[in-house]
Amino acid sequence: SIASVTDVLKEGRCALASALAAYKYMIMYGQVESINQVANAYLHITFSEWCWVFMDGIWSISMAFSLPLAHAAKKLSTKRPTASLLGLHTMISACGVLVINF
């Protein structure tokens, strides 16, 4: 029936939006870690091993386990999520972190 087509579209859009959110999170996480390393080198300090375990382990794993909990919207929106990893929206949000931090 037609109702099942809209359900498939909603689930597909949810999966696409979740995958792109995970991609942007990991890109921004890498940028923040790089900025953190530069700041640590400049200030001649270092984090303890447990700080790195927390940052690399807990944050990444919590993101990996929380994103699949996203559900599809009740109503199908007229706007589609971006479908490109190198699209304008994705690149602005990824490069915006660098602009903000430098």
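Before any of the text, the structure's been laid out above.
Residues numbered from 1 in each chain as written. Predicted model: local features only at pLDDT ≥ 70, side-chain atom pairs only at ≥ 80, totals over all residues. Heavy atoms only, no water.

1. With respect to the overall build of the protein chain
A count of helical and extended segments in the protein chain gives three helices and zero strands. Going from N to C terminus, the protein chain has its helices and strands arranged as α-α-α. Computed over C-alpha atoms, the radius of gyration of the protein chain comes to 18 Å, more than 25% over the 13 Å expected from 2.2 N^0.38 for 102 residues, which places it beyond the range of a compact globule. Seen through its principal axes, the protein chain has C-alpha atoms that stretch 65 × 30 × 15 Å. Within the span of the protein chain, comprising 102 residues, buried residues form 21% of the whole. (Helix = DSSP H or I, 4+ residues; strand = E, 2+ residues; numbered from the N terminus. Rg over C-alpha atoms; globule rule 2.2 N^0.38 Å. Buried < 20%, exposed > 50% of the residue type's maximum accessible area, 1.4 Å probe, protein only.)

2. Observations regarding a nonpolar patch on the surface
On the surface, a nonpolar cluster with roughly 370 Å² of combined accessible area is contributed by Y42, L43 and I45. When you line up the elements, I45 lands in the loop between α1 (2–43) and α2 (49–66). Residue classification places I45 among the partly exposed residues on the basis of a relative accessible area of 47%. (Patch = residues over 30% accessible without salt bridge, like charges linked within 9 Å, V, L, I, M, F, W, Y side chains within 5 Å. Areas by Shrake-Rupley, 256 points an atom, 1.4 Å probe, with all protein chains shown as cover. Salt bridge = Lys/Arg side-chain N within 4 Å of Asp/Glu carboxyl O.)

3. Concerning the environment of L67
Tracing the chain through its elements places L67 in the loop between α2 and α3 (88–101). As for L67 and S18, which are separated by 49 residues in sequence, their C-alpha atoms are 6.4 Å apart. Setting aside residues no more than four positions away along its own chain, L67 makes contact with S18, A21 and A22. (Contact = heavy atoms within 4.5 Å.)

4. Describing the packing of aromatic side chains
Counted according to the given criterion, the structure contains two aromatic pairs. Each ring, one from Y25 and one from Y29, has its centre 6.1 Å from the other, and the planes form 15°; the classification is stacked. Note that Y25 and Y29 are positioned in helix α1 at a spacing of four residues, about one turn of the helix. Its relative accessible area of 11% is what places Y29 among the buried residues. Relative to W52, the ring of F47 has its centre 5.4 Å away and its plane inclined at 65°; by these criteria the two rings are edge-to-face. When its relative accessible area of 30% is taken as the criterion, F47 is described as partly exposed. (Phe/Tyr/Trp six-rings, centres within 6.5 Å; stacked < 30°, edge-to-face > 60°.)

5. Observations concerning the side chain of K24
Relative to the helices and strands, K24 is located in helix α1. Lacking a salt bridge, the buried K24 has E11 as its closest oppositely charged neighbour, with an N-O distance of 19 Å. Among all residues touching K24, those that are not within four sequence positions of it are H89, T90 and S93. (Lys, Arg positive; Asp, Glu negative; His and termini not counted.)

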